[in-house]
Amino acid sequence: MNTIPSSTQPLTTTTASDGITERTVTLGDSSGVLWSPESVTDSAPLHLMGHGDGLHKYAPGLVSQARRAVAGDGSGYGSGDWFTAAASDAPGHGDRPRSAQDQPQVDAIRRARAAGERALVLGGGGAAGNAWLIGVIAGLFDAGLDVTDADLIIGTSAGSTAAAQITSTTPTELLAAILTAAPQQRTGPLGSDGGRAPIQPIADHMRRTSEIIAAAEDAADMRRRLGAAALELDAAADGSGQTQWRTTVAARLPSQHWPQRTMLITAVDARTGEPVVFDRHSGVDLVDAVAASTASGPPYGIGDNRYIDGGYRRSSENADLAAGYGRVLVLSPLGGRSRAPLEWGLHLAAQVDELCAGGSRVETVLPDGDSLKAFGLNLMDLSTRPPAAQAGYNQGRSVAKQLTEFWS
């Protein structure tokens, strides 16, 4: 019979409150916690709680989300559906030892959380999404609300480009540049509604990544699989794409220098699948950070490392990075949607729940009907930028009064 040596026997402690049993299991330097309903059998489905960036398994927002899932209160899980929830500190997280590679990521998050009161979160969403973000921010600005003065700005994918843009020139100038740009021909075949469908390479990319996400066991497995797929594309490429992409990104930024205010740019390490956050202390040029966060298809290389789109870190918003801020404004071109399974807890609604549980006030701005119509079917279509920016501007002006009371 196989037995575990006594020196490596797991240590378990159990507590119960409010009908929820909490078990902490420790084995060596690794520990995890399991929350389960006292009155429900082992048949309750398991919800694995993900937490990155050095956070602890007992982080307040994570614990709150876990207990709500176990309580079956319908908070994103379905009313009356009980779950068993589990969280475990990965290497470099919680109380576990950190390597030289782990510590800079933890330091970046802690610097951000100590920096101030108001956080602005800019989500991804392709060419149309970037233009919409600029439009919304310009509309707010012209209505008397300047959200670019946030203490923290978080940018993901196309939102990372917007973050770099609004910290180096005015929203009004950025909007004017979009609206006066040379007209672009609409790309892609006609869809059933008369809009343009994504061209084949984009459609293939969406199909391929959706299949990878569907095959993954959890969020960490998803990131590893997506990274491996990107590295395969990289191996088959001739290497010219890296230089071309950096040149493209650099041309979009009014300044190639990090702002003095706190700004976080997200990405994912293609080799390990680990979440990555860049800031001005990371030793990475701003252009490279944005190029990494917006890398779809092959990964983007910085030194010996390779990175993929920051939207795979947790979501296209990564609003959880604003934990600890009193007021968090989220602009989400994709409307908070996620292609990952709901039970993974990666979607924007779960992040908002966590932020609120931690004491933050959160407002979200999602594209309205006119904005969605301007986006069309292909968010990467450059011809959608002027109408998306104009729709965003109109929407920004329409919500400015409501948000002024929140932000000021």
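Residues numbered from 1 in each chain as written. Predicted model: local features only at pLDDT ≥ 70, side-chain atom pairs only at ≥ 80, totals over all residues. Heavy atoms only, no water.

A. The nonpolar core, seen in detail. L120, L122, F278, L329 and L331 are the most contacted members of the largest nonpolar core, which has 54 residues in total. Once residues lying within four places of it in the same chain are set aside, the contact partners of F278 are W258, M263, L264, I265, A267, V284, A289, A292, I302 and Y307. Among the nonpolar cores identified, the runner-up in size contains 16 residues, and A119, V277, L321 and V352 belong to it. (Core = buried A, V, L, I, M, F, W, Y, C linked by side-chain atoms within 4.5 Å. Buried < 20%, exposed > 50% of the residue type's maximum accessible area, 1.4 Å probe, protein only. Contact = heavy atoms within 4.5 Å.)

B. Region of the structure containing the packing of helix α8 (residues 240–252) against helix α9 (residues 286–293). One way to put it is that α8 packs onto α9 with a least axis distance of 9 Å and a crossing angle of 110 degrees. As the angle between them shows, α8 and α9 are arranged roughly perpendicular. Between α8 and α9 the crossing geometry is right-handed. Side by side, α8 and α9 meet where W245, R246, V249 and A250 of the first sit next to V287, D288, V290 and A291 of the second. The class makeup of the residues in the contact of α8 with α9 is 6 nonpolar, no polar and 2 charged. (Axes fitted to C-alpha atoms, helices over the stretch in contact; angles between N-to-C directions. Helix = DSSP H or I, 4+ residues; strand = E, 2+ residues; numbered from the N terminus. Parallel < 35°, antiparallel > 145°, perpendicular 65-115°, else oblique. Left-handed = near helix turned anticlockwise from the far one by under 90°. Nonpolar A, V, L, I, M, F, W, Y, C, P; charged D, E, K, R; others polar.)

C. Structural view of the environment of L46. Along the polypeptide, L46 turns up in strand β4 (residues 46–48). With relative accessibility at 54%, the residue L46 sits in the exposed group. Expressed as a C-alpha distance, the spacing of L46 and W344, which sit 298 residues apart in the sequence, is 9.9 Å. Residues in contact with L46, not counting those within four places in the same chain, are L34, T84, A85 and A86.

D. Main features of the packing of helix α3 (residues 126–142) against helix α5 (residues 171–179). Here α3 crosses α5 at 135 degrees, and the two axes come no closer than 8 Å. Classed by the angle they form, the pair α3 and α5 counts as oblique. Between α3 and α5 lies a crossing of left-handed hand. Here A131, I134, G135, I137, A138, F141 and D142 of α3 come into contact with α5, specifically with P171, T172, L174, L175 and I178.

E. Main features of the pairing of strand β12 (residues 327–331). Of all 5 residues making up β12, 5 are buried, and the element is well covered by its neighbours. Neither face of β12 is exposed, since R327, L329 and L331 on one face and V328 and V330 on the opposite face are all buried. Taken together, the 5 bridges between strand β6 (residues 118–122) and β12 define a ladder with parallel strand orientation. Within β12, the position partnered with V121 by the bridge is V330. As judged from the 5 bridges shared by β12 and strand β13 (residues 361–365), these two strands associate in the parallel manner. Directly across from V328, in β13, lies its bridge partner V362. Remark: the β12/helix α10 (residues 348–357)/β13 crossover connection has right-handed handedness. (Pairing = 2+ DSSP bridges. Right-handed = clockwise from strand over helix to strand, strands pointing away.)

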